[in-house]
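# Structural description and commentary
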Amino acid sequence: MKITIHRGINQIGGCITEVATENTRIFIDLGQNLPDNEGVSNDELASEESIKNLTKDLDAIFYTHYHGDHLDLFHFVPNIIPQYIGQVAKQVVIEKYKRLSFIQNDKERFESYRDQVENMISLREGKSVQVKDIKVTPYFVSHSAYESFMFLIEAENKRILHTGDFRDHGYLGNGLRKILNKIVIEGAVDMLIIEGTMLSRQGERVKTENELQKDVISIMNQYKNVFVLCSSTDMERLATFYAANKKVHNRPFVCDNYQKNILKIFSKSAGTKTPLFRFDSVYDFRENNKKLHDWMQDKGFCMLVRPTEKFSKYYNSLREQLKDEDTVLIYSMWGMYIQAKSKYAKENYLRFVNQFPNIEKLHTSGHASVECLSDVCKIVNPTKGIVPIHGEDKNDYYSLDIPEALKERIVTSSIINL
Ligand SMILES: [Zn+2]
Ligand SMILES: [Zn+2]
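Bear in mind the structure is a predicted one, so any value in this text is a computation, not a measurement. Here the residue index of a chain counts from 1 through its sequence in written order. Each chain takes a letter, starting from A, and each ligand takes a number, starting from 1, following the order in which they are written. For a predicted model such as this one, the threshold for reporting local features is a pLDDT of at least 70, and the threshold for listing and counting side-chain atom pairs is 80 or more; totals across whole chains, interfaces and linings nevertheless cover every residue. With hydrogens and water set aside, each side-chain value is computed from the structure's full complement of heavy atoms.

### Let's talk about the domain arrangement of the protein
Worth spelling out the cut-off: Segmentation into domains, and thus their bounds, comes from an automatic or database assignment. In this description, contact between two residues means that some pair of their heavy atoms is separated by no more than 4.5 Å. A pairing counts as a salt bridge when a side-chain nitrogen of Lys or Arg comes within 4 Å of a carboxyl oxygen of Asp or Glu. In this classification, the charged set is Asp, Glu, Lys and Arg, the nonpolar set is Ala, Val, Leu, Ile, Met, Phe, Trp, Tyr, Cys and Pro, and all remaining amino acids, among them Gly, are polar.
Under the domain assignment, the protein is made up of domain 1 (2-201 + 367-417) and domain 2 (209-361). Each of domain 1 and domain 2 has a C-alpha centre, and the two are 30 Å apart. Listed by partner, the interface residues are 20 residues for domain 1 and 31 residues for domain 2. Our count for the domain 1 to domain 2 interface comes out at 3 salt bridges. Between Glu236 and Arg167 there is a salt bridge; the shortest N-O distance is 3.4 Å. Here the side of domain 1 that touches domain 2 is built from residues that sort into 7 nonpolar, 7 polar and 6 charged.

Below, the structure written as structure tokens:
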């Protein structure tokens with residue numbers, strides 16, 4: 001068996017991993033490089049020609065989750081190649097492209113993306129897919145995208161575990177060790193392909209979503225009018241704000257209809273398993289909805305926003321009735337996007353955020369802490385190798401607190417024969 005890390009060996013974002021036997025070739029993820037601060041992704045693979053070459057004779061592509069650095073080159077893939085993604089993840093991506101197709105000048109492009117996603121095959125947790133002599137089984141992981149999978153890949157009597165992006169400090173993170181133990185009891189894992197985002201961000205303290213929820217409650221007690229800028233598709237973070245808002249004064253939870261549709265998808269899937277993900281009283285904001293306006297003015301509110309013209313307009317329409325000292329924007333994404341001097345700073349984010357009289361930053365990473373990464377290496381204890389991906393420097397893995405014998409198995413080359 002041969003593993004090729006086409007992309008992701010020395011960068012955060014932009015992941016493509018190939019697993020091949022004599023007869024079969026599959027990809028895990030087909031991610032685009034993350035965009036720079038002007039929103040431009042420098043990506044030599046982002047063309048039909050390049051992807052056609054790269055995916056020649058490929059038997060299937062499996063996506064761990066819907067973040068662009070794992071999924072976004074999908075629309076260059078020839079129709080003949082089957083593409084697999086989680087069944088809920090698929091609905092979320094379809095909703096996103098439905099939304100984007102409202103943008104007048106790019107309507108056709110986004111409609112064709114949507115059609116391509118509709119043609120993807122849905123994966124279900126624990127249900128294996130056989131692609132010729134390679135068997136792939138998706139297992140659920142907690143990440144800032146719902147639903148995210150790690151993949152167990154079995155062929156030629158070898159077992160490879162590809163973690164995708166994951167963490168253990170989200171609401172859904174406590175299943176991680178249980179699943180890993182189950183996989184290891186069934187048989188030894190030969191190769192562990194594992195993300196390492198947090199190794200270069202060790203200064204960031206990793207709070208749990210539960211701790212974050214407590215911080216949100218205390219901000220909500222301080223401010224009556226709460227705007228929230230967080231990812232529209234990060235179910236666990238959305239649940240943090242929804243739950244906090246419910247616990248404070250049951251103020252209206254407001255968003256736009258796109259966000260409401262996403263919350264509906266989450267309620268219908270994860271929400272059937274736990275009330276934490278049941279977003280059942282959400283109001284969609286309309287400038288002419290006087291009843292909602294009056295309620296918001298009277299009780300205060302929690303409103304999900306995005307850094308766009310539309311939400312700036314919404315904010316300005318409310319501004320006159322909001323006292324500055326009662327109004328806050330909670331910024332709940334990676335801090336670097338609004339760090340003016342950072343190479344990751346985003347112009348539109350900075351402009352949007354600076355309109356608000358008060359800003360509170362509250363965030364915790366979607367990626368595994370350094371302790372969690374060590375733990376996963378120790379539990380899986382792969383017999384042949386650990387392949388770090390999704391990290392700025394593959395050599396950072398040597399700094400993990402793992403036994404010497406495991407450190408010796410760290411593989412830093414991008415082509416591995418197994
Ligand atoms: Zn990623
Ligand atoms: Zn991700």
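### Observations concerning the coordination of the zinc ion (ligand 1)
Reference values for angles at a metal are 109.5 degrees in the four-donor tetrahedral case and 90 or 180 degrees in the six-donor octahedral case. Inclusion rule: Think of the donor list as every N, O and S atom within 2.8 Å of the metal, or within 3.2 Å for Na, K and Ca; water never makes the list, so a site can look incomplete. Irregular is the label for any site that misses the other tests, which are tetrahedral for four donors with all angles between 85 and 135 degrees, and square planar for four donors or octahedral for six when opposite donors exceed 155 degrees and the remaining angles lie between 65 and 115. The numbering of helices and of strands both runs from the N terminus, where a helix is a DSSP run of H or I of at least 4 residues and a strand a run of E of at least 2. The cut-offs for exposure are 20% and 50% of the maximum accessible area for each residue type, with area from a 1.4 Å probe on protein chains only; residues under the lower value are buried, those over the upper are exposed, and the others partly exposed.
Taken together, Asp69 (OD), His70 (NE2), Asp165 (OD) and His390 (NE2) make up the full set of protein donors to the zinc ion (ligand 1), lying 2.1 to 2.2 Å away. Geometry at the zinc ion (ligand 1) is irregular, judged from the 4 donor atoms that bind it and their angles of 84 to 168 degrees at the metal. Sequence spacing of the donor residues for the zinc ion (ligand 1), all on one chain, is D-H-x94-D-x224-H. Separating the zinc ion (ligand 1) and the zinc ion (ligand 2) is a distance of 3.4 Å, and Asp165 donates to both of them. Taken together, the residues span a long stretch of sequence, with His70 in helix α2 (residues 68-71) and Asp165 in the loop between β10 (158-162) and α5 (176-186) at a distance of 95 residues. Just as His70 is buried, Asp165 falls in that class too.

### Digging into the coordination of the zinc ion (ligand 2)
Coordination sphere of the zinc ion (ligand 2), protein contribution only: His65 (NE2), His67 (ND1), His143 (NE2) and Asp165 (OD), at 2.2 to 2.4 Å. Between the 4 donor atoms coordinating the zinc ion (ligand 2), the angles at the centre fall across 90 to 168 degrees, so the site counts as irregular. In the primary structure, the donors to the zinc ion (ligand 2) are separated according to the pattern H-x1-H-x75-H-x21-D.

### Description of the sheet that holds strand β17 (residues 359-361)
To keep things clear, this is the line we draw: One requirement defines pairing of two strands: DSSP has to find at least two bridges between them. The angle between two axes is taken between their N-to-C directions and runs from 0 to 180 degrees, where each axis is a line fitted to C-alpha atoms and a helix contributes only its stretch in contact.
Reading across from one edge, β14-β13-β15-β12-β16-β17 is the order of the 6 strands in this open sheet, with parallel pairing throughout. The open sheet has two free edges, formed respectively by β14 (283-284) and β17, since each of these has just one partner strand. As defined by bridge partners, strand β13 (residues 253-255) adjoins strand β15 (residues 301-305) across 2 bridges and the pair is classed as parallel. Bridge pairing in β15 links Phe253 to Cys302. The strands touched by helix α6 (residues 209-222) are β12 (225-229), β15, β16 (327-331) and β17; relative to β16, the strand with the most contacts, the crossing angle is about 165 degrees. On the sheet, helix α8 (residues 257-268) packs against β13, β14 and β15 and is oriented at approximately 115 degrees with respect to β13.

### Regarding helix α3 (residues 87-100)
Along an α-helix, residues three or four positions apart point the same way, because every turn accommodates 3.6 residues. The line we're drawing: By this rule the span expected of a helix is its residue count minus one, scaled by 1.5 Å.
Taking 1.5 Å as the rise per residue, α3 with 14 residues should run 20 Å; its terminal C-alpha atoms sit 20 Å apart, in good agreement. Every buried residue belonging to α3 is among Val88, Ala89, Lys90, Val92, Val93, Ile94, Glu95 and Tyr97, and all of these are buried. Structurally, α3 contributes buried residues whose contacts are with α2, β5 (83-86), α4 (107-118), β6 (121-123) and α8.

### Focus on the sheet that holds strand β18 (residues 385-389)
On the basis of which strands lie adjacent, the open sheet formed by 6 strands has the order β7-β8-β9-β10-β11-β18 and mixed pairing. On the outer flanks of this sheet lie β7 (129-131) and β18, each paired with one strand and no other. The average undirected angle you get between the axes of adjacent strands in this sheet is 20 degrees. Here strand β11 (residues 191-195) pairs with β18 via 5 bridges, running parallel. Bridge assignment links Glu195 to a residue of β18, and that residue is Ile389. With respect to the sheet, α5 is in contact with β8 (134-141), β9 (148-155) and β10, its orientation differing from that of β8 by roughly 155 degrees. Along the sheet, helix α12 (residues 370-380) makes contact with β10, β11 and β18, crossing β11 at roughly 170 degrees.

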